[in-house]
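# Examining the three-dimensional arrangement
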Amino acid sequence: MSKRSSNGGHWVIAVIVLVVVAGAAYFLVQRARQAGTKPTVSGTPAQSTPAPASTAPSIAHPIAQADTGPAPASTAPLPSLADSDANVADSLIALASGSDMSAWLVRQSVIPRIVATVDALPRSDMGRFILPVKPVKGSLQMDQANGQSTIGAANATRYAPYMQALAAADSQALVDWYVHYYPLFQQAYVELGYPKAYFNDRLIAVIDHLLAAPEPTQPLVVTPYKQGYAFADPALQGLSVGQKAMVRIGSANETALKAKLRDLRARLVGSGLHAAPAAAGSTAK
């Protein structure tokens, strides 16, 4: 955690959710990328040649099975990935009408940034330049008690704009938006370095990983570490960047975010809104 807001916190999708936690979850005290992580996004990627049929991914959760509305989100043809930013950003902002998403959404390489962020959330590190939203404003709010520093209850209010966007976005409209643009999400995932993988499968695995985040009932003790802070509890400090984000945003925010994730997951796998996902551990690597 940085002592200043420019490095602290970042959002989670099923799109708007992942864009919210990525924005709330850049919780890293070290700046170096973890060895072996995939390339970061810098600018709009060039078009790539579709993978040949022999490299087609094995698909567990085909996007065609998602519960969509009675009509597509748009009948207009999809833009190319390289030319999609304005279209994608405007339509995403419209989904969260009434919120201030336009002020903190990064409007360059929108889909590649979302894809790269989703892929990185279960890892221990994340490059800050892949994030699809701007960092949370304000400094980390801490309380002092018994000689210890804890993340204060007031810190959760820093995430209010993201949570407002989360609440404003209709889940069904969000899923319809995602399904409509899915070919571009898949292309971005291939360009990220996964020619034999299916992005929607990765998204479902990441959602399950985030749903498995712990829900601490005691104040979160932090200690100074390098230029920022670390959780004093080794079990919390050892969590992935995405699960740290879930913990750090505060219990009420975590509860609301998990409820949205469960709703979106059910719609994305086409299992009905009352179907609970199977218990998931930290298996998404």
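Everything below is about the structure shown above.
With that settled, consider the environment of Val269. Positionally, Val269 belongs in helix H10 (residues 251–269). On the basis of relative accessibility, which here comes to 14%, the residue Val269 falls in the buried class. For the pair formed by Val269 and Ile204, sequence separation is 65 residues and the distance between their alpha carbons is 8.2 Å. Aside from chain neighbours lying at most four places away, what touches Val269 is His61, Gln65 and Ile204.

Along the chain, the position of Pro183 falls in helix H6 (residues 171–192). Distance in space between the C-alpha atoms of Pro183 and Ser80 is 9.8 Å, their sequence separation being 103 residues.

Here the structure, examined in full by the defined rule, presents nine aromatic pairs. Plain terms: the ring middles of Tyr178 and Phe185 are 5.1 Å apart, the flat faces sit at 70° to each other, and that makes the pair edge-to-face. In terms of burial, Tyr178 and Phe185 fall into one category: buried. For the pair Phe185 and Phe199, a centre-to-centre distance of 5.8 Å together with 15° between the ring planes defines the contact as stacked. Of this pair, Phe185 sits in helix H6 while Phe199 sits in helix H7 (residues 199–211); the two residues are 14 residues apart in sequence, bridging distant segments of the chain. Taking the relative accessible area as the measure of exposure, Phe199 reaches 0% and is therefore buried. Joined through ring pairs, the aromatic side chains of Trp177, Tyr178, Tyr181, Tyr182, Phe185, Tyr189, Tyr194, Tyr198 and Phe199 make up one cluster.

So, about the pattern of salt bridges. What the rule picks out here adds up to seven salt bridges. The partner of Lys258 in a salt bridge is Glu215, and the shortest N-O contact between them spans 2.8 Å. Linking Lys258 in helix H10 with Glu215 in the loop between H7 and strand S3 (221–225), this pair joins segments that are 43 residues apart in sequence. On the basis of relative accessibility, which here comes to 2%, the residue Lys258 falls in the buried class.

Here is what the cut-offs are and how they apply
- Just so you know, the residues in each chain are numbered from 1, in the order the chain's sequence is written.
- Two thresholds apply to this predicted model, a pLDDT of at least 70 for residue-level local features and 80 or more for giving and counting side-chain atom pairs, whereas whole-chain, interface and lining totals are computed over all residues.
- Side-chain numbers come from the whole structure's heavy atoms, not from hydrogens or water.
- Where helices and strands are cited, they refer to DSSP runs of H or I of at least four residues and of E of at least two residues respectively, numbered from the N terminus.
- Only protein chains enter the accessibility calculation, which uses a 1.4 Å probe. A residue is then buried if its area is under 20% of the maximum for its type, exposed if over 50%, and partly exposed in between.
- Whether two residues are in contact is decided by their heavy atoms: any pair within 4.5 Å suffices.
- The criterion for an aromatic pair is that two Phe, Tyr or Trp rings (for Trp, the six-membered ring) have centres within 6.5 Å, with stacked assigned to planes under 30 degrees apart, edge-to-face to planes over 60 apart and tilted to the rest.
- A pairing counts as a salt bridge when a side-chain nitrogen of Lys or Arg comes within 4 Å of a carboxyl oxygen of Asp or Glu.

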